[in-house]
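Below are the chains, spelled out letter by letter.
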Amino acid sequence: MFSRFKNSRPQQFIFLFFIFIFSYLVVPQSEDSYLWRLPSLFKDFPLWINNVIYSALYDWFPLKVWDPVFEMYEKKAAIREFTRAISSGVLFLITFIREIFLGGVQTMSTFISSSWLNSNKWFIWPALPWTAVVAGGMLLGYHLQGVRLALLAGIGACYLSIFGQWEPSMQTLSFVLITAPICFIFGLSLGIWGYLNKKVEAALQPILNVAQTMPHFSFLIPVMVLFGIGDHAGAIATIIFATPPMVRLTILGLKKISPEVVESGLMSGCNKFQLLFKVLIPTARTDILIGANQVIMQCLAMTVIASFIGAKGLGFNLKLALNSLKIGKAAEIGICIVIIAVVLDKFSLAWANKQKNYFANLNFYQKNKNLILFSIIIFICSIFSYIGSFYFTGINYLYFVPYEKGISISPLLDAGVDWIWETFFYYLNNFNVFLITNVLVPMKTAYLGMPVVSTFILVMGAGFIVGGVRSSLVVGSLFLFIALSEYWDRALITMYMATFAVVVATFIGLVVGSACAQNSKSTAFMLFICDFFQTFPSFVYLIPVILLFGITDTSVLLAAIVYATIPATRYTIEGLKSVPVSLHEAGSMSGVSRIQRWTAIEIPLAFPHIMLGINQTLIFSLFMIVLGALIGTEDLGQIIMGALSRKDGAGVALTLGIFISFICLAVDHLIRTWSERQKKLLGIA
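Residues numbered from 1 in each chain as written. Predicted model: local features only at pLDDT ≥ 70, side-chain atom pairs only at ≥ 80, totals over all residues. Heavy atoms only, no water.

1. Let's talk about the pattern of salt bridges
Just so we agree on the cut-off: When a carboxyl oxygen of Asp or Glu is within 4 Å of a side-chain nitrogen of Lys or Arg, the pair counts as a salt bridge. To qualify as a helix, a DSSP run of H or I must reach at least 4 residues; to qualify as a strand, a run of E must reach at least 2; elements of each kind are numbered from the N terminus. Buried, partly exposed and exposed residues are distinguished by accessible area as a fraction of the type maximum, computed with a 1.4 Å probe on protein chains only: under 20%, between the cut-offs, and over 50%, respectively.
Scanning the model with the defined rule gives 4 salt bridges in all. The partner of Asp489 in a salt bridge is Arg37, and the shortest N-O contact between them spans 3.0 Å. Remark: Arg37 occurs in the loop between helix H2 (9–26) and helix H3 (45–58) and Asp489 occurs in helix H20 (residues 488–516); sequence separation between them is 452 residues. Close ionic contact of Arg672 with Asp668 constitutes a salt bridge, the shortest N to O distance being 2.8 Å. Of this pair, Arg672 and Asp668 both sit in helix H27 (residues 649–682), separated by 4 residues, roughly a single helical turn. When its relative accessible area of 18% is taken as the criterion, Asp668 is described as buried.

As structure tokens, this is what we get:
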């Protein structure tokens, strides 16, 4: 009987559940009991981080620096001067690209004295006419994928201009055009280094794990302290957040190269440098460029978040609109962000999938015909915009359409919001009250009433069942770091919200994914829907739920569910599609029904893949829950948001970001360990 229990994981989980319930009911809720709550031994950890940051900025490695204002040397910390130099460089690049689109003299003032510029008002860098940018976007789209992508780019760019969102859109685009290449270069370099040196790869993995599971806001405050406030600070936070996927995909792409390719390169007489840049990187081109696609999407997703520390553009305007509850205006700006996201996503994917002909013998015109054509387009559009200055009085619509003169659908959207509230208020309010009163509040109370010993019994017991003593110690140590802080109760609230969002999103994803995986057309359609919604920056998901349910936990959780359903659906479809056709045929020949085939064959074989989707669902949920602090929650995200205005905010934000990352990493470890074991048992590893 004991041997049967030892080999039966369902029985082990049932036994673990009973132990958990017993400890939950028996342990008294007393602050004096270590079984209820552990002492806050790590409460000074945020202060320690703060002290390190401020010591680095003001005390470490002092240098004599010339102050041109007071005309004397001052002692300043080397790290502070280094961060300020990086800030100046990044800001210069952003301003340079921004002035190409919008015009100005800030870049020129770096090389020419301000007094001369003030006395010569005629000297200004002219902006590109919006018509030239639209035509250039269409030309690039046609070059990458043909007429359909050209039309998408052209219609999208026209929308930005006609609706008066050209200036903030170009500010956002200039932000992405600087951060994405920097992320690409850093990620590619680190990925190559990790591929060439196994020790470097081993050192990078935990850093990448924490960076990719840490919420966006956790980067903001330390960056703000180190680099100041403005576009440069937002760009640096974006670079930190968006580089890890590029590193991972570079390493993955290089590892996938077959040994025969490497051997053929060596046999051709390539040295190490030639082998890397002439053989390995071109062979891994598709994976590397998919990494570039992920970088662009991450950079665009950070544009709204970066606005909290001074980054300009659509994100800043969207934040202002939501803060003043102007839902129509927020939705209008959100549409612009989505358009840019979709166009950039399609461009980068088309670039990744476009096959390069390495053997083509092209002359100068054939190599550069698109660049020559774009130069001609700029010249023609500039002439038309100059002619337009004589035709239009006051505002030259062929050059630039200001916000107040553009078309606006915000009044219609506001009227639609009012109609929805008037028509469906009774039903929406009843659903909101029912969900909060009968589901969320009891669930929250149950989590807050959970003794710390019960939590560790549950997570470490699950770790032991799934992966043995090692897994038990890994997840236990990750949770112990949180339990020894003063934020354990807030972490429990975060976990309750994440649990609810993950359970609902997983159920929806399993049902929808299973239904759509039955035939190729529905599969293609649903994967297209997932691709489309995955391009949305996470901030955009808050707009419709605020419209329907106001500032409540319901809004946050519904946004998290919608956002997290995407990976749940995608992984379900991909898992079911990975089941061999021969097993489908064997099941049909055995006389099983479609439901029986789904429950007995498809789901068991696809479940390891589906579980990896649940892992992504948890990360998506936690990111949205932390973001939901903007509309009022009581979890760790609220404290991270509040840290923006605290003197010790950098330490608090980093600490709480690490807590959330550890929750993700603990669940990730359990799921991946279980998934790998199941794959081996099923013979699909």
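2. Let's talk about empty space enclosed by the protein
Filter applied, for reference: Here the term cavity refers to a set of points on a 1 Å grid, laid over the protein atoms alone, in which a 1.4 Å probe fits but cannot get out; the term pocket refers to an open set having protein on both sides within 12 Å along at least five of seven lines, with lining residues being those that place an atom within 4 Å of a point. Grid points are joined across faces, edges and corners, and a volume is the space filled by probe spheres set on the points.
Applying the stated criterion across every chain yields a total of 1 cavity of 30 Å³ or more. Here the largest cavity is characterised by a volume of approximately 40 Å³. Forming the walls of the largest cavity are Thr172, Phe175, Thr303, Ala311, Lys312, Gly313, Leu314, Gly315 and Phe316. Those elements that provide at least two residues to the lining of the largest cavity are helix H8 (166–196) and helix H15 (314–323). Per-element accounting of the lining of the largest cavity gives the leading share, 3 residues, to H15.

3. A few points about the domain arrangement of the chain
When the parts come together, some accessible area is lost, and that loss is often what is quoted as the size of the interface. Heads up, the condition is: Residue ranges assigned to the domains are those given by an automatic or database domain assignment. Contacts: residue pairs with any heavy atoms within 4.5 Å of one another. By buried area we mean how much accessible surface two parts lose on assembly, using a 1.4 Å probe and totalling the loss over both.
Under the domain assignment used here, the chain contains domain 1 (165–253 + 280–354) and domain 2 (422–449 + 488–682). For domain 1 and domain 2, the distance between their C-alpha centres works out to 22 Å. Listed as interface residues are 32 residues of domain 1 and, on the opposing side, 30 residues of domain 2. Surface buried jointly by domain 1 and domain 2 totals about 2700 Å² across both partners, of which 86% is contributed by carbon and sulfur atoms.

4. Observations concerning the state of the cysteines
Here a disulfide denotes one covalent bond, and it connects the sulfur atoms of two cysteines. Using the following cut-off: Cysteine sulfur pairs qualify as disulfides if the two atoms are within 2.5 Å.
Applying the stated criterion across every chain, the model contains 0 disulfides. The thiol of Cys299 is not disulfide-bonded; the next cysteine sulfur, from Cys183, is found 4.1 Å away. The thiol of Cys530 is unpaired, and the distance to the nearest cysteine sulfur, on Cys516, comes to 8.3 Å.

5. Description of a nonpolar patch on the surface
The criterion, for reference: For patch detection, residues must exceed 30% relative accessible area and be free of salt bridges, and they are connected within 9 Å for like charges or within 5 Å for nonpolar side chains (Val, Leu, Ile, Met, Phe, Trp, Tyr). Only the protein chains shown count as covering a residue, and every accessible area follows the Shrake-Rupley method with a 1.4 Å probe.
On the surface, Ile372, Leu373, Ile376, Phe379, Ile380, Ile383, Phe384, Tyr386, Ile387 and Phe390 cluster together to form a nonpolar patch covering roughly 1000 Å² of accessible area. Structurally, the position occupied by Phe384 is in helix H17 (residues 364–391).

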